[in-house]
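# Understanding the architecture of this molecule
Residues per chain are reported as follows:
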Amino acid sequence: KLKEEITRFAPSPTGHLHLGGARTALFAWLHAKASNGKFLLRFEDTDSERSKKEYVDSIVSSLSWLGIKPDDDPLFQSNNIELHKKIAFDLLESGKAFSCNCTSEHLEEVRKKQIQNKLQPKYDGLNRDKNLTHEKGNVIRFKMPQSGSTSFEDKILGTISVKNKELDDFIILRSDSTPTYNFCAAIDDFDMKITTVIRGDDHITNTLKQINILHSINSDLPNYAHLPMVLSSEGKRLSKREGALDINEYKKMGYLQEAMINYLIKLGWTYKDQEIFSEQEILQYFNINDVNSSPARFSQDLLNWYNNHYIKCNKNNSLLDLIKTSSNIDYNPEDNEKYPEILALMGEGANTLIELVDSSRFFYIQPDYKNIDYSLIENSREILAKFASSLDSFSFESHESIEKEIKNYIKANELKFPQLGKPLRIILSGRENAPSISELVFLLGLEEAKKRIERFL
Ligand code: GLU
């Protein structure tokens, strides 16, 4: 039996959830589920100026749409500040941290010199061993070990190691007594008994600091799995600023939850050659060790391909329901019994539910013939008029029966298919590219098909 894992997703509520974050949450959730463990949600909201309730709500709703369900109420880092402070003072007391009153002028000077000498800027250690009394206005800095190295075995990236002399005596408690990010995160992971920390690989330098904090409070270390970035299609970093979308937007655009999950899981994870995974299969096969160690790339085409696949899987009534919940459009089969078939047919070529709604519209709203090429129809008036009057005798039983009727009609009238098909498609659908003529005629029905041709002529 596997050890029950406790993982967490720890977003800062300073923006919406985007693809990279959603993938991190999904992998953390799956890793917990693989061992029957727990997945927790922690909002890192200590930056009170940038953290907003609006983003908390937005992230919660994105996760809930994706079906990534935390196993407990979300935690807010700001609620844990008393513990952070207490531990900072304990570390000060035990000599594992020190009080520092360096002025910003001094720090700036040191920094400048280091940069001039091509050294990595870091605290110069001025007050490290002075044992200053902690006075108002001082900060508390962590005493980073000065020899040896800090290493860990990342589940995705392998061994990561850095010499301790490259690490900084970083501030853990600011002069206004607020704890800093790396300190809070380490304490919270300890406090929440996190067994595996799963996050983006932009946090590796933070991990090295956090490991030292955890050592200083005699905590066991969690496992770490750093996910390589999701890059844009051009190979740049996806960032909120660079146009990465709020996950809720994908829902609004008519992406299906299953498509989104299937797409996200493939951003860095593979299982044999399989492309399509049911939720059950994902839960069964996912293993964090199988995540690729090189960056994934965003592909709109692949996302669309998945969405089209799941639109096609959700035939008939479930498609009507999905459209109703996502866009409030009610295709009531009592108004038109062919709605389920219309949507299933048009779903074949639709990338999103919105596209599906748009492309199906001509079935129940007369096309406006705004952008059509009239020359394609001009010479066909007679053919069309005759066809319209023959429609009464067609069997409208099924799409296949119509297909047969049309074939016979073309033969009997010595026509070539395009002579009838081309102008007819334009008249019935208002477009040059549309489903087959027999599908169009069948799904529009005798009356509507006839009406459209006669009115047009
Ligand atoms: N709050 C951090 C972020 O939004 C996550 C840190 C973590 O997962 O430890 O990137």
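Located above this text is the structure these notes cover.
The structure contained in this document is the topic of the report that follows. None of these values were measured; they are calculated from a predicted model. (Residues numbered from 1 in each chain as written. Predicted model: local features only at pLDDT ≥ 70, side-chain atom pairs only at ≥ 80, totals over all residues. Heavy atoms only, no water.)

## Some thoughts on the overall build of the chain
Within the chain one finds 18 helices and twelve strands. Whereas a compact globule of 457 residues would reach a radius of gyration of roughly 23 Å, the chain reaches 31 Å, over 25% beyond that. In the chain, which comprises 457 residues, the proportion classed as buried is 49%. Within the chain, residue pairs in contact and separated by at least 24 positions form 75% of the contacts whose partners lie at least 6 positions apart. For the chain, the accessible area works out to roughly 23,500 Å², and carbon and sulfur atoms hold 47% of it. Separation of charge centres in the chain, based on 59 positive and 67 negative side chains, amounts to 5 Å. (Helix = DSSP H or I, 4+ residues; strand = E, 2+ residues; numbered from the N terminus. Rg over C-alpha atoms; globule rule 2.2 N^0.38 Å. Buried < 20%, exposed > 50% of the residue type's maximum accessible area, 1.4 Å probe, protein only. Contact = heavy atoms within 4.5 Å. Areas by Shrake-Rupley, 256 points an atom, 1.4 Å probe, with all protein chains shown as cover. Lys, Arg positive; Asp, Glu negative; His and termini not counted. Charge placed at Lys NZ, Arg CZ, Asp CG, Glu CD.)

## Quick look at the site of the ligand
Taken together, the neighbourhood of the ligand is formed by Arg 8, Ala 10, Pro 11, Ser 12, Glu 44, Tyr 181, Arg 199 and His 203. Contact distances for the ligand include 2.9 Å between a nitrogen atom and a side-chain N or O atom of Ser 12. Protein coverage of the free-state accessible area of the ligand, which is 300 Å², stands at 79%. (Near = heavy atom within 4 Å. Polar contact = N/O pair within 3.5 Å; in protein donor to acceptor, adjacent residues only side chain to side chain.)

## Side note on the pairing of strand β2 (residues 38-43)
Most of β2 is tucked away: five of the six residues are buried. The sheet contact formed by strand β1 (residues 6-9) and β2 spans four bridges and is parallel. Residue Thr 7 lies in a different strand from β2, and its bridge partner there is Phe 39. What joins β1 to β2 is helix α1 (residues 19-34), and the crossover it makes is right-handed. Here two bridges tie β2 to strand β3 (residues 75-76), and the two strands are oriented parallel to one another. Bridge pairing in β3 links Phe 43 to Phe 76. A crossover connection joins β2 to the parallel β3 through helix α2 (residues 53-66); in handedness this β-α-β unit is right-handed. (Pairing = 2+ DSSP bridges. Right-handed = clockwise from strand over helix to strand, strands pointing away.)

## Observations regarding the nonpolar core
Counting 94 residues, the largest nonpolar core has Phe 27 and Leu 420 as the members making the most contacts within it. Aside from chain neighbours lying at most four places away, what touches Phe 27 is Ile 198, Leu 227, Leu 264, Ile 265, Leu 267, Trp 269, Phe 286, Ile 288 and Val 291. Grouped together as the second largest cluster of nonpolar side chains are 29 residues, Leu 40, Leu 92, Ile 194 and Ile 217 included. (Core = buried A, V, L, I, M, F, W, Y, C linked by side-chain atoms within 4.5 Å.)

## With respect to the sheet that holds β1
With respect to topology, three strands assemble into an open sheet ordered β1-β2-β3, the strand pairing being parallel. Every other strand in the sheet has two partners, leaving β1 and β3 as the edge strands with one partner each. Across the sheet, α2 touches β1, β2 and β3, and the angle it forms with β2 is around 160 degrees. (Axes fitted to C-alpha atoms, helices over the stretch in contact; angles between N-to-C directions.)

## Concerning the packing of helix α5 (residues 181-191) against helix α6 (residues 204-216)
Between α5 and α6, the least distance of the axes is 9 Å, while the angle of their chain directions is 60 degrees. In terms of orientation, α5 and α6 fall into the oblique class. Helix-helix and strand crossings are classified by hand; for α5 and α6 the assignment is right-handed. Between α5 and α6, the residues in contact are Tyr 181, Asn 182, Phe 183, Ala 185, Ala 186, Ile 187, Asp 189 and Phe 190 and Asn 206, Lys 209, Gln 210, Ile 213 and Leu 214, respectively. Residues belonging to the contact of α5 with α6 are distributed by class as follows: eight nonpolar, three polar and two charged. (Parallel < 35°, antiparallel > 145°, perpendicular 65-115°, else oblique. Left-handed = near helix turned anticlockwise from the far one by under 90°. Nonpolar A, V, L, I, M, F, W, Y, C, P; charged D, E, K, R; others polar.)

## A short note on the sheet that holds strand β8 (residues 171-173)
Here three strands make up an open sheet; going across it, the order is β4-β5-β8 and the pairing antiparallel. With partners counted over all chains shown, the strands left at the sheet margins are β4 (97-100) and β8, one partner each. Ignoring strand direction, the axes of neighbouring strands in this sheet form an average angle of 45 degrees. The sheet contact formed by β4 and strand β5 (residues 139-142) spans four bridges and is antiparallel. Bridge pairing links Cys 100 to Val 139 in β5.

## Focus on helix α12 (residues 339-347)
Of all nine residues in α12, eight are buried; the element is thus mostly enclosed. Among the residues making up α12, those that are buried are Tyr 339, Pro 340, Ile 342, Leu 343, Ala 344, Leu 345, Met 346 and Gly 347. On its buried face, α12 is in contact with α10 (300-313), α11 (317-327), α13 (353-360) and α18 (437-456).

## So, the packing of α1 against helix α8 (residues 257-265)
It is the contact of α1 with α8, at a shortest axis distance of 9 Å, that shows an interaxial angle of 85 degrees. Taken together, α1 and α8 sit at an angle that is classed as roughly perpendicular. Only Met 260, Ile 261, Tyr 263, Leu 264 and Ile 265 of α8 make contact with α1, whose side of the interface consists of Leu 19, Ala 22, Arg 23, Leu 26, Phe 27 and Leu 30.

## Overview of the packing of aromatic side chains
What the rule picks out here adds up to 22 aromatic pairs. Both rings, one in Tyr 263 and one in Phe 298, keep their centres 6.1 Å apart while their planes meet at 90 degrees; by these two values the pair is edge-to-face. On the criterion of sequence distance, the pair formed by Tyr 263 in helix α8 and Phe 298 in the loop between β12 (296-297) and α10 is long-range, its members being 35 residues apart. For the pair Tyr 263 and Phe 298, one class covers both residues: buried. For the ring pair Phe 362 and Phe 363, a centre distance of 4.5 Å and an interplane angle of 25 degrees mean the geometry is stacked. A relative accessible area of 6% means that Phe 362 is categorised as buried. Through pairs of rings, three or more aromatic residues link up here, namely Phe 27, Trp 269, Tyr 271, Phe 277, Tyr 285 and Phe 286. When the ring centre of Tyr 123 is taken as reference, the NZ or CZ atom of Arg 141 above it lies at 3.8 Å. A cation sits over an aromatic face here: Lys 338 above Phe 442, 4.7 Å from the ring centre. (Phe/Tyr/Trp six-rings, centres within 6.5 Å; stacked < 30°, edge-to-face > 60°. Lys NZ or Arg CZ within 6 Å of the ring centre and 35° of its normal.)

## Overview of empty space enclosed by the protein
For the coordinates displayed, the defined rule picks out one cavity of 30 Å³ or more. The calculated volume of the largest cavity comes to roughly 40 Å³. Considering the residues around the largest cavity, the lining is formed by Leu 26, Trp 29, Leu 30, Leu 66, Gly 67, Gln 257, Ile 261, Glu 279 and Ile 282. At the level of elements, α1, α8 and α9 (279-285) are the ones that each hand at least two residues to the lining of the largest cavity. (1 Å grid on protein atoms, 1.4 Å probe; cavity = no way out; pocket = protein on both sides within 12 Å on 5 of 7 lines; lining within 4 Å. Points joined across faces, edges and corners; volume = space filled by probe spheres on them.)

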